[in-house]
Amino acid sequence: MDYGEYLKLSGLLQLQQVQSKPEHPDELLFIIVHQASELWFKVLLHEMDQLSEAMDANDAPRAVSSITRINVLVTIVSQQLSALDTLPPQRFAQFRGYLGTSSGSQSDQFRAIEARSGLRDAHFLQVIREHGDPPALVQKALDAPLMQDQFLTMVDRAGLTLEQVYTEHEHGPLAQLAEGLLAYEQQFAQWRFLHVQLVERIIGPGTGGTGGTLGAKYLNRTLQNRFFPALWAVRAKFYGAAG
Ligand code: HEM
């Protein structure tokens, strides 16, 4: 077994098939940023399984390790978007037509990550059912327990309220896990923000997407999504405001 064989490099490096004719010099970068993001999504989903198992086993320290890794992975995916900031609008326009109707909004892994994280609102469900039954990967994620519920079950098992986790066990593993989950929500929203900014930078704020949405207008709406409403709400309690 050598490096190339272990990593299946001969196959992997043939998967970047530029569609433009004549070949546009920027399309390879466009493909690789998407493919690399999908690879990171794969490991992210795998790590989400680990997190879920740790929470089921009531193992808060292991869950903290897992969410810490997840947060690094999301940061990496966000940072990759900056490579496409170097793609000027007129150059993207030269090969955009070759993408056909393909769009990131058809990423099953991205939808599965959102579903695993806890999105269940009507708009999200409508987006994923737009083209019929959700793909198996997405359906599996929809059937999985909500991350927030799993965490709140751990809090419950410890005989605590969420508020007490912060006030009485400020440095305990449950508090670390709560903050790790909140950081995940923040990191994810940062991906959304960087992506919508990239979209506005490259195709402008008013241009529709290849996936048939209103483009940046649609994406801006998704910035409102929340995976862990309870973790946001509890903060208000420390200021005497209604949760
Ligand atoms: C030139 C760069 C990019 C442009 C112009 C762009 C454009 C868009 C647009 C307009 C949408 C809205 C759906 C549609 O109608 O097509 C969208 C959605 C999406 N894109 Fe991109 N995108 C870019 C890069 C990326 C990259 C590198 C990824 C990484 C995987 C990505 C992943 C996604 C995902 C996951 C969605 C669905 C988001 C949601 O529904 O909340 N995009 N993109």
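The structure this text deals with has already been given above.
Let me sum up the structure you'll find in this document.

Cut-offs applied
Within each chain, residue numbers correspond to sequence positions counted from 1 in written order. This being a predicted model, a pLDDT of at least 70 is required before a residue's local features are given, and a value of 80 or more before pairs of side-chain atoms are given or counted; all residues contribute to the totals for chains, interfaces and linings. Helical segments are the DSSP runs of H or I of at least four residues, strand segments are the runs of E of at least two, and each set is numbered from the N terminus. Residues are called buried when their C-beta atom has 20 or more other C-beta atoms within 10 Å, exposed when it has 12 or fewer, and partly exposed otherwise; all C-beta atoms are positioned from the backbone. Angles here are taken between N-to-C directions and fall from 0 to 180 degrees, while the axes themselves are lines fitted to C-alpha atoms, restricted in helices to the stretch in contact. Comment on the angle field: the value is read as roughly parallel under 35 degrees, roughly antiparallel over 145, roughly perpendicular from 65 to 115, and oblique elsewhere. The handedness criterion is simple: a crossing whose near helix is rotated anticlockwise from the far helix by less than a right angle is left-handed, and one whose near helix is rotated clockwise is right-handed. Contact between two residues is assigned whenever their backbone-derived C-beta positions fall within 7 Å. Should the C-beta atom of a residue, placed from the backbone, lie within 6 Å of a molecule or strand, that residue is near it. Put simply, Ala, Val, Leu, Ile, Met, Phe, Trp, Tyr, Cys and Pro go in the nonpolar bin, Asp, Glu, Lys and Arg in the charged bin, and everything else, Gly too, in the polar bin. A set of buried residues qualifies as a nonpolar core if it consists of Ala, Val, Leu, Ile, Met, Phe, Trp, Tyr and Cys joined through C-beta atoms within 7 Å.

## Re the overall build of the protein chain
Here is step 1: The secondary structure content of the protein chain amounts to 13 helices and 0 strands.
Here is step 2: Burial analysis of the protein chain (243 residues in total) assigns 21% to the buried set.

## Thoughts on the environment of Pro205
Here is step 1: Relative to the helices and strands, Pro205 is located in the loop between α11 (173–203) and α12 (216–222).
Here is step 2: Spatially, the C-alpha atom of Pro205 lies 5.4 Å from that of Ala216, the residues being 11 residues apart in sequence.

## Observations regarding the packing of helix α3 (residues 27–56) against helix α9 (residues 147–157)
Here is step 1: In contact at an axis separation of 9 Å, α3 and α9 are set at 25° when each is read in the N-to-C sense. Between α3 and α9, the angle is such that the two are roughly parallel. Between α3 and α9 lies a crossing whose hand is left-handed. Of α9, the residues touching α3 (which contributes Ser52, Met55 and Asp56) are Gln150, Phe151 and Met154.

## Points about the site of the ligand
Here is step 1: Near the ligand, the surroundings consist of 26 residues, among which Ser103, Gly104, Gly209, Gly211 and Thr213 are the closest.
Here is step 2: Only α3, α11 and α12 provide two or more residues apiece to the shell around the ligand.
Here is step 3: It is α11 that contributes the most residues to the shell around the ligand, 5 residues altogether.
Here is step 4: Residue classes in the shell around the ligand are distributed as 12 nonpolar, 14 polar and no charged.

## Let's talk about the nonpolar core
Here is step 1: Membership of the largest hydrophobic core comes to 33 residues, with the highest contact counts inside it found for Ala63, Ile67, Phe151, Leu177 and Leu181.
Here is step 2: If one sorts the elements of this core by residue count, helix α4 (residues 60–81) sits on top with 7 residues.
Here is step 3: Here Ala63 is in contact with Leu51, Ala54, Met55 and Leu177, once residues within four sequence places are set aside.

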